[in-house]
Amino acid sequence: MTEPHVATSGLHVRGVDPFGALWAGHVRGMEKVKVTGMLGGCEALTEDTREVVLPRESMTYFADELAARKPTPGGGGAAAYVGALGAALASMAGHFTLGKPRYADVEDDVRRLLGEAEEVRCALLDLVDDDARAFQRVTSALSIPRGNPRRAGALEAATRGACEPPLTMMDCTTEVIGILEELHHKCSRLLLTDVGCAAVLCSASLRAASLNVYVNTRSLSDRAAARELDGRCDALLAKWVGRADVLAEGITADVRGES
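The rules behind these values
Per chain, residue numbering runs from 1 following the sequence as it is written. Reporting of local features is limited, given that this is a predicted model, to residues whose pLDDT is at least 70; pairs of side-chain atoms are given and counted only at 80 or more, and all residues count toward the totals for whole chains, interfaces and linings. Based on all heavy atoms of the structure, the side-chain values leave hydrogens and waters out of the count. For the purposes of this entry, the term helix denotes a DSSP run of H or I that reaches at least four residues, the term strand denotes a run of E that reaches at least two, and both are numbered from the N terminus. Given a helix with a known number of residues, its expected span is that number minus one, times 1.5 Å. At any given residue, the bend is defined as the angle formed between two axes, one fitted to the seven residues that end at that position and one fitted to the seven that begin there. Counted as a polar contact is a pair of N or O atoms within 3.5 Å, where, for protein atoms, one must be capable of donating a hydrogen and the other of accepting one, and residues adjacent in sequence contribute only when both atoms are in side chains. Here the nonpolar core consists of buried residues drawn from Ala, Val, Leu, Ile, Met, Phe, Trp, Tyr and Cys, with membership extended through side-chain atoms lying within 4.5 Å. When a residue's accessible area, from a 1.4 Å probe over protein chains only, is under 20% of the maximum for its type it is buried; when over 50% it is exposed; and in between it is partly exposed. In what follows, residue pairs with any heavy atoms lying within 4.5 Å of each other are defined as contacts. One side-chain nitrogen of Lys or Arg within 4 Å of one carboxyl oxygen of Asp or Glu is enough to make a salt bridge.

Enquirer: Just checking my understanding: could you explain helix H8 (residues 223–255) for this structure?
Expert: Spacing of three or four residues puts side chains on the same side of an α-helix, whose turn is 3.6 residues. Compared with an ideal rise of 1.5 Å per residue, which puts 33 residues at 48 Å, H8 spans 47 Å between its outermost C-alpha atoms and is within 8% of the ideal. Of all the bends in H8, the largest measures some 25° and sits at Leu237. Capping the start of H8 is the job of one residue whose side-chain oxygen sits 3.2 Å from the backbone nitrogen of Ala224: Asp222. Count one or two residues on from H8 and you reach Gly257, which has phi positive near 70°.

Next up, the structure:
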């Protein structure tokens with residue numbers, strides 16, 4: 001099996017790309033797994049049974065950064081990262097479906113979905129950085145002395161700006177959910193659980209990102225703007241969390257033989 005192309009995007013705040021390395025290692029590892037007995041043994045990813053070895057350093061780096069006593073990355077960056085993981089699993093499902101004769105009639109669709117998943121994955125990784133920069137602008141505004149007439153305006157603008165990265169994360173994550181809904185019907189049956197896991201991650205990403213909107217809107221002096229931003233967030237949650245959860249629950253039922 002030819003190793004799939006994997007597009008990556010850097011976490012520029014810290015100058016490395018732990019996610020890109022993690023995902024590339026995960027895809028290579030999957031090529032080494034012999035699959036038998038799943039869904040009646042109707043398919044196999046490969047017959048190569050060499051040991052899977054994933055790059056531990058890349059897997060632990062971002063978690064270590066989150067755990068450190070540093071302002072960024074924080075909850076917003078984590079929300080974007082989790083959404084990117086969901087997109088990566090969508091890409092995985094697409095990569096392993098391409099080239100399989102039984103899915104030849106949907107191969108063009110899968111290629112399109114794969115391209116969309118890669119694009120949104122990179123966008124979500126960029127949002128890890130965007131969220132950190134937005135938070136830094138808030139802290140810079142807070143550092144202005146209270147007696148300075150510039151402080152209130154700078155803080156209001158920075159706080160409003162800090163709502164945009166998590167809202168954009170939510171928009172991107174809804175794109176991933178749409179991709180997953182289509183992949184559910186078009187990808188290799190061996191990858192259904194990965195699609196279900198991606199749906200769970202996307203649901204969590206939406207909820208986590210929303211918290212980073214609400215924590216900022218409550219501090220805005222412009223209450224009309226706060227209501228507008230909250231409304232955008234509420235609408236995304238109302239429409240898309242349920243869709244992600246329905247997808248994950250349906251796949252769970254399939255896997256358990258309950259559908």
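Enquirer: How should the nonpolar core be read in this particular structure?
Expert: A general feature of soluble globular proteins is that nonpolar side chains tend to end up buried together. Leu124, Met170, Leu180, Leu183 and Val195 are the most contacted members of the largest nonpolar core, which totals 51 residues. Breaking this core down by element, the ones donating at least two residues are helix H3 (75–97), helix H4 (107–142), helix H6 (164–186), helix H7 (192–217) and H8. Ranked by residue count, the leading element in this core is H8, at 11 residues. Excluding residues within four positions of it along the chain, Met170 makes contact with Leu206, Ala209, Ser210, Cys233, Leu236 and Leu237.

Enquirer: Would you take a moment to explain the pattern of salt bridges for this structure?
Expert: Should the charged atoms of two oppositely charged side chains come close, the side chains can pair. Under the defined criterion, the tally for this structure stands at 14 salt bridges. Here Glu182 ties to Lys186 by a salt bridge, and the two come within 2.7 Å at their closest N and O atoms. Separated by four residues within a single helix, Glu182 and Lys186 lie in helix H6, roughly one turn from each other. In this structure Glu182 comes out as partly exposed when scored by relative accessible area, which is 22%. Residues Arg256 and Glu258 are paired through a salt bridge, measuring 3.4 Å at the closest nitrogen-oxygen approach. With respect to burial, Arg256 and Glu258 carry one shared label: exposed. One network of salt bridges, with partners in common, ties together Asp109, Arg112, Glu116, Glu182 and Lys186.

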